[in-house]
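Survey of secondary and tertiary structure
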Amino acid sequence: MAAPMAELPVEPQSLRKLSLKSLKRGLDLFAPSHGASFPLDSERSPFNPSFLSTSYFSSSQYYVNLLFFFLSLSPFCMFGLLSKSIRVGYKVTAEYGRVKNLPIEDTQDKSKDKSKQSSAPLALPGIPESKDSQKGDQGALVMAPPMLPKAPELAMPSKSSAVISVPGSSDRYTSSSALIERIASKWPKPVWHAPWKNYRVISGHLGWVRSIAFDPSNTWFCTGSADRTIKIWDVASGRLKLTLTGHIEQIRGLAVSQRHTYLFSAGDDKQVKCWDLEQNKVIRSYHGHLSGVYCLALHPTIDVLLTGGRDSVCRVWDIRTKAMVCALTGHENTVCSVFARPTDPQVVTGSHDTTIKFWDLVAGKTMATITHHKKSVRAMALHPKEHAFASASADNIKKFSLPKGEFLHNMLSQQKTIINSMAVNEDGVLATGGDNGSLWFWDWKSGHNFQQGQTIVQPGSLDSEACIYALSYDMSGSRLVTCEADKTIKMWKEDLSATPETHPLNFRPPKDQRRY
């Protein structure tokens, strides 16, 4: 016979510890309600006479046992049992108060039909059980197999429908969440876009490819590189057409004029040059920047050139006279992105000081400052049709409306890298290129990320050279060109063989909408 187990010593509890436990119970009980009275569950209350009307509770043995039980308890334990009973009663009333007293059917026929339906298990339409059931109607309700022990899914077809209780299911699956109608998400559903694939790789530069610009006629595009050259390529064939030399540092920005045969370039050598493409030579140079020039943009309606650089200033140039019209000062760090609009705000700049500024071009002053980002705003993209733009930072990609600059929403995913460039076409496909070689495609309307690509470095390059410095759509928006750190230029297009069936949308609307 096994030896009896030794009794473990009971840890003595001090009066102070018991007092603190009692105070904690009292605080948990009364602090949330702030002294307000709460309804109790009358059926489960120990003070309800009907609760004590059973044969066991009316016997004398019950009261004798109850007396010895209470005599063996300390006052603190008695208070704990009472508070637990009150808490359980309050919880039951709060969660099930609405369904405890459901309206009873007026006629007995309805109650009989209801009892017949409730006594049977769940019925599913169109699932045959036996050969006899197949002889009847095919759409008739048949008996379903017994349910596994899992939480039932309660369907609520309309607001007026009652709560359907599944017989045999445990009460622990019934909660207040089943009684509340689910509200449909107001987040816009994304439009299906075909995935993009790489179809051409162009080699020719001897350094990092840092900038790109397309010709308005969509027949050629130009790229600027760290090898201090500007190369012009044919869009259709990808062949090299021309190489321009003149800069003494890497070329950070390029722009092609829509009204003149001019090409503008800016680089780390503090120089801004105007190239005449009929003569293939520099005809003007714009001097004034105190450090490297990082970004460049042309005004769409007037002959004005905008440049921003490490001197924290956005300078406005008259392209005909080489004169600086004004200097837009206000940023506290490098101005690394800029774009222009025909209406106010005509100039929008993004900076390493994490802010975006709207500028009044006539007065030369700031109209508004956006401070939503927490990291450097290295890239911005203006939508070609809508009055909105997107800005990219290492923390998030955000959308803002124009002209007031109101925050719309964040993109629903985080690329979790430094985003060097971004572009959007008329179909609403936003492309962003990251410092780690990631190329992500987004739906503009909803912010859904429908494709995550990764560039492949060329043979002979380091894995750390998988970096996208610049990207741009062509004028039709059907081709995307990326400039990368492995000295190559990659061209992308949509996969025409893809369908919504082969590449379905995996979209989940956000649970909460951030306001910043």
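You'll find the protein entered in an unreviewed UniProt entry as Pre-mRNA-splicing factor PRP46, with Rhynchospora pubera given as the organism. In its Sequence similarities (unreviewed entry) section, the UniProt entry covering the protein states "Belongs to the WD repeat PRL1/PRL2 family."

Let's shift gears to the confidence of the model for the protein. Overall, the predicted model of the protein reaches an average pLDDT of 80, with 69% of residues at or above 70. Low pLDDT (under 50) marks residues 114–175, which in the prediction has 41 contacts with non-local residues, meaning those over four places away or in another chain.

Burial within strand β10 (residues 272–276) is extensive, with five of its five residues counted as buried. In β10, alternate side chains face the same way, and those of Val 272, Cys 274 and Asp 276 on one face and Lys 273 and Trp 275 on the other are all buried. Inspection of the sheet shows strand β9 (residues 262–267) paired to β10 by five bridges, in the antiparallel sense. Residue pairing in the sheet places Leu 263 in a bridge with Trp 275 of β10. In sequence, β9 turns back onto β10 through a hairpin of four residues, with Lys 270 there showing a positive phi of about 70 degrees. Pairing of β10 with strand β11 (residues 281–286), which is carried by five bridges, proceeds in the antiparallel orientation. Paired with Asp 276 across the bridge in β11 is Lys 281. Counting the residues between successive antiparallel strands, the hairpin from β10 to β11 contains four residues, one of them, Asn 280, with a positive phi of roughly 55 degrees.

Between two aromatic rings, the relevant description is the distance of the centres plus the angle of the planes. Under the counting rule described, the total for this entry stands at 13 aromatic pairs. Relative to Tyr 473, the ring of Trp 196 has its centre 5.7 Å away and its plane inclined at 65 degrees; by these criteria the two rings are edge-to-face. Of this pair, Trp 196 sits in strand β3 (residues 196–203) while Tyr 473 sits in strand β28 (residues 468–473); the two residues are 277 residues apart in sequence, bridging distant segments of the chain. With respect to class, Trp 196 is no different from Tyr 473; both count as buried. Seen from their ring centres, Phe 339 and Phe 389 are 5.5 Å apart, and the 55 degrees between their planes marks the pair as tilted. Separated by 50 residues along the polypeptide, Phe 339 in strand β16 (residues 335–340) and Phe 389 in strand β21 (residues 388–392) bring together distant segments of the chain. Here Phe 339 and Phe 389 have matching classes, each one buried. By the ring-pair criterion, three or more aromatic residues cluster together here, those being Phe 339, Phe 358, Phe 389, Phe 400 and Phe 407. Note that Arg 252 overlies the ring of Tyr 294, its terminal NZ or CZ placed 4.0 Å from the centroid. Lys 493 extends its terminal NZ or CZ atom over the ring of Tyr 199, reaching a point 4.9 Å from the ring centre.

This next bit is on the pattern of salt bridges. Should the charged atoms of two oppositely charged side chains come close, the side chains can pair. Counted according to the given criterion, the structure contains eight salt bridges. Among the ionic pairs, Asp 474 bridges to Arg 479, the shortest N-O distance being 3.1 Å. Taking relative accessible area as the criterion, Arg 479 reaches 23% and is therefore assigned partly exposed. Through salt bridges with shared partners, one network takes in Glu 484, Asp 486 and Lys 490.

Moving on: the state of the cysteines. Following the criterion strictly, the structure yields zero disulfides and no others. Cys 295 takes part in no disulfide bond, and the closest cysteine sulfur, belonging to Cys 314, lies 6.7 Å away.

With that settled, the discussion passes to the sheet that holds strand β25 (residues 429–434). The antiparallel open sheet is built from four strands, whose spatial order is β24-β25-β26-β27. Single-partner strands in this sheet number two, and they are β24 (419–424) and β27 (449–454). Between one strand axis and the next, the sheet turns through 15 degrees on average, direction left out of account. As judged from the five bridges shared by strand β26 (residues 438–443) and β27, these two strands associate in the antiparallel manner. Bridge pairing in β27 links Phe 441 to Gln 451.

Pairing in this open sheet of four strands is antiparallel, and the strands run β16-β17-β18-β19 from one edge to the other. Whereas interior strands pair on both sides, the edge strands pair on one side only; in this sheet they are β16 and β19 (365–370). The average undirected angle you get between the axes of adjacent strands in this sheet is 25 degrees. Sheet topology places β16 next to strand β17 (residues 347–351); five bridges connect them, and they run antiparallel. Paired with Ser 337 across the bridge in β17 is Gly 350.

This part takes up the side chain of Glu 484. Mapped onto the fold, Glu 484 is located in strand β29 (residues 479–484). Setting aside residues up to four positions removed in sequence, Glu 484 forms contacts with Trp 208, Val 209, Thr 455, Cys 467, Ile 468, Tyr 469 and Lys 490.

About the thresholds
- Residues numbered from 1 in each chain as written.
- Predicted model: local features only at pLDDT ≥ 70, side-chain atom pairs only at ≥ 80, totals over all residues.
- Heavy atoms only, no water.
- UniProt positions renumbered as here; feature names shortened; annotations may be inferred.
- pLDDT = per-residue confidence, 0-100.
- Contact = heavy atoms within 4.5 Å.
- Buried < 20%, exposed > 50% of the residue type's maximum accessible area, 1.4 Å probe, protein only.
- Helix = DSSP H or I, 4+ residues; strand = E, 2+ residues; numbered from the N terminus.
- Pairing = 2+ DSSP bridges.
- Phe/Tyr/Trp six-rings, centres within 6.5 Å; stacked < 30°, edge-to-face > 60°.
- Lys NZ or Arg CZ within 6 Å of the ring centre and 35° of its normal.
- Salt bridge = Lys/Arg side-chain N within 4 Å of Asp/Glu carboxyl O.
- Disulfide = S-S within 2.5 Å.
- Axes fitted to C-alpha atoms, helices over the stretch in contact; angles between N-to-C directions.

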